[in-house]
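One letter stands for each residue in the lines below.
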Amino acid sequence: MTKVKGALEGPAAEPPAEPPEYLTQDEALAYIRAKGIPVAVNFFRDRRSKGKGPPTHYFGARALLRRDELDAWIPTIFAMRTWDRRARAKTMKAKAKAMKAKAKAKAEAAGTGEMRAE
């Protein structure tokens, strides 16, 4: 018997116990909510459209999500929400600081700076 170059040696690879189960968006949301995680439809759609959601597989016009990939994505939901809140607060503080600096510069340029009573 001749060996085939590049052939795998050892026992044959076993197929997975269960094939990956594909879910529609509504089924995926129900699956996530069944785990006790309140996720809004708009949040889910927004994350998927921005590429921050679970990987989406397209079969023709149908967008399906794998159950195991959903399980891997679920822990990141809370991290994203926290990050979004912090980023938004940081942006608002920076905008307020810039507006104050602009108003101060405008007042100084107009010569109407604050006068101190001595």
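Preceding this paragraph is the structure being described.
Residues numbered from 1 in each chain as written. Predicted model: local features only at pLDDT ≥ 70, side-chain atom pairs only at ≥ 80, totals over all residues. Heavy atoms only, no water.

Caption draft 1: View of the overall build of the protein. Per the secondary structure count, the protein includes three helices and three strands. When the helices and strands of the protein are read in sequence order from the N terminus, they spell out β-α-α-β-β-α. Here the protein holds 118 residues, and the buried ones make up 19% of them. A separation threshold of at least 6 residues defines the contact pool for the protein, and within that pool the share at least 24 residues apart is 52%. (Helix = DSSP H or I, 4+ residues; strand = E, 2+ residues; numbered from the N terminus. Buried < 20%, exposed > 50% of the residue type's maximum accessible area, 1.4 Å probe, protein only. Contact = heavy atoms within 4.5 Å.)

Caption draft 2: Seen up close, the environment of Pro 55. Relative to the elements of secondary structure, Pro 55 occurs in the loop between α2 (41-49) and β2 (57-59). Considered as a pair, Pro 55 and Trp 73 are 18 residues apart in the sequence and their alpha carbons are 8.8 Å apart. Leave out the neighbours within four places in its chain, and Pro 55 touches Leu 64, Leu 65 and Glu 69.

Caption draft 3: Quick look at the environment of Ile 37. Within the fold, Ile 37 resides in the loop between α1 (25-34) and α2. The class for Ile 37 is buried, based on a relative accessible area of 10%. Those residues in contact with Ile 37, other than ones at most four positions away along the chain, are Ile 32, Ile 74, Ile 77 and Phe 78.

Caption draft 4: Quick look at the sheet that holds strand β3 (residues 62-66). The antiparallel open sheet is built from three strands, whose spatial order is β1-β3-β2. With one partner strand each, in any of the chains shown, β1 (22-23) and β2 form the two edges of the open sheet. Taken together, the three bridges between β2 and β3 define a ladder with antiparallel strand orientation. Bridge assignment links Phe 59 to a residue of β3, and that residue is Arg 62. (Pairing = 2+ DSSP bridges.)

Caption draft 5: Fine view of the nonpolar core. If you look at the biggest cluster of nonpolar residues, it comprises 14 residues, and the most contacted ones within it are Ile 32, Val 39, Phe 44 and Leu 70. Secondary-structure elements contributing two or more residues to this core are α1, α2 and α3 (67-110). Once residues lying within four places of it in the same chain are set aside, the contact partners of Leu 70 are Leu 23, Ala 28, Tyr 31, Ile 32, Phe 44, Pro 54 and Leu 65. (Core = buried A, V, L, I, M, F, W, Y, C linked by side-chain atoms within 4.5 Å.)

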